[in-house]
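Summary of structural features
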Amino acid sequence: MEESVNYAEYTVDKKPEGKLKWIRIGLISLYLFVGVGLFAFFLAIKFWPAGTVMPFLTWILYGLTWKFAQLEHKYEVKSAKLVISNIYGRKKQVVQFENLASELKVIAPMNEGNRKQFEKADKIMDFRGNTASPDAYYAILEKDGKSTAVYFEATNKMLKVLKFYNRNTEVTPVRY
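Structural notes, computed from the coordinates. (Residues numbered from 1 in each chain as written. Predicted model: local features only at pLDDT ≥ 70, side-chain atom pairs only at ≥ 80, totals over all residues. Heavy atoms only, no water.)

1. Details of helix α1 (residues 19-44)
Definition in use: Per the convention used, a helix needs a DSSP run of H or I reaching at least four residues, while a strand needs a run of E reaching at least two, with both numbered from the N terminus. In this analysis, the expected span of each helix is defined as 1.5 Å times one less than the number of residues it contains. The buried label goes to any residue with under 20% of its type's maximum accessible area, the exposed label to any with over 50%, and the partly exposed label to all in between, with areas taken from a 1.4 Å probe on protein chains only. Should any heavy atoms of two residues lie within 4.5 Å, those residues are counted as being in contact.
With 26 residues, α1 ought to run about 38 Å at 1.5 Å a step, and its terminal C-alpha atoms sit 37 Å apart, in line with that. When we look at burial in α1, the residues that qualify are L20, L27, Y31, G35, L38 and F42. Check the buried side of α1 and you find it contacts α2 (53-65) and β2 (71-78). Backbone geometry just downstream of α1 places K46 in the positive-phi region, at approximately 55°.

2. A short note on the pairing of strand β4 (residues 92-100)
Rule in force here: Being paired, for any two strands, means DSSP has found at least two bridges between them.
Inspection of the sheet shows strand β3 (residues 81-88) paired to β4 by eight bridges, in the antiparallel sense. Its bridge partner being in β4, L82 is matched across the sheet by N99. Where β3 hands over to β4, the hairpin turn is made up of three residues, of which G89 adopts a positive phi near 65°.

3. Side note on the sheet that holds strand β5 (residues 106-109)
Pairing between the strands of a sheet comes from backbone hydrogen bonds, and it takes one of two forms, parallel or antiparallel. Note the following rule: Structural elements are reduced to axes, namely lines fitted to C-alpha atoms, with helices fitted over the stretch in contact, and the angle between N-to-C directions of any two is expressed from 0 to 180 degrees.
Pairing is mixed in the open sheet, where four strands are placed in the order β5-β7-β8-β6. In the strand order of this sheet, the two ends are held by β5 and β6 (123-126), each with one partner. Recorded for the sheet is a direction-independent mean angle of 20° between the axes of neighbouring strands. The pairing of β6 with strand β8 (residues 146-153) spans four bridges and is classified as parallel. Looking at the pairing, D126 lines up with Y151 of β8.

4. Section: a nonpolar patch on the surface
How we decide: A patch consists of residues whose relative accessible area exceeds 30% and which take part in no salt bridge; residues with like charges are grouped when within 9 Å of each other, and nonpolar side chains (Val, Leu, Ile, Met, Phe, Trp, Tyr) when within 5 Å. Areas reported as accessible are Shrake-Rupley estimates using a 1.4 Å probe. Residue values count occlusion only from the protein chains shown. What counts as a salt bridge is simple: a side-chain nitrogen of Lys or Arg found within 4 Å of a carboxyl oxygen of Asp or Glu.
A cluster of nonpolar side chains, contributed by V53, F56, L57, W59, I60, Y62 and L64, occupies part of the molecular surface with about 690 Å² of accessible area. As for its placement among the helices and strands, Y62 is situated in helix α2.

5. Things to note about unusual backbone geometry
The backbone of A80 shows a phi angle near 65°, a positive value even though the residue is not glycine. Tracing the sequence through the fold places A80 in the loop between β2 and β3. The backbone of D144 shows a phi angle near 55°, a positive value even though the residue is not glycine. For D144, a relative accessible area of 81% puts it in the exposed group.

Right, dumping it as structure tokens:
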């Protein structure tokens, strides 16, 4: 974490809904299928000692794949940039969006009054923890004649720092 007063950071767990929910269901089904399949295979070849390996192999499969079902979004405002990253399995961080805050056309809360503005974008990038978040904000970026709407969750400090870098930031009270 940086020591600057113009730095804000916030991390939120992605609620298992939509695509992430189906990924989790698929992975649990895979674990069950592999476990039962290995058990049936070892039973069929009458090799009982290998049955002790089955839980170990299923555990390895879990360790290699479950990280894709654990998703966090990390929002940072640092060095005048809004940086949004996905964190997989609480370890691997991948930057999904990074742009100067001053280049964003508008930063505003996602409410009914602003619905037309954030729904008409050419590309939508949703980084909210859940779709019903009360602290949801959006930012519009226009490059090369195409607009991109970025959905994220904000904190009071983050909004203060974004307002410092971009005067088009609309600030409303949020929970944190």
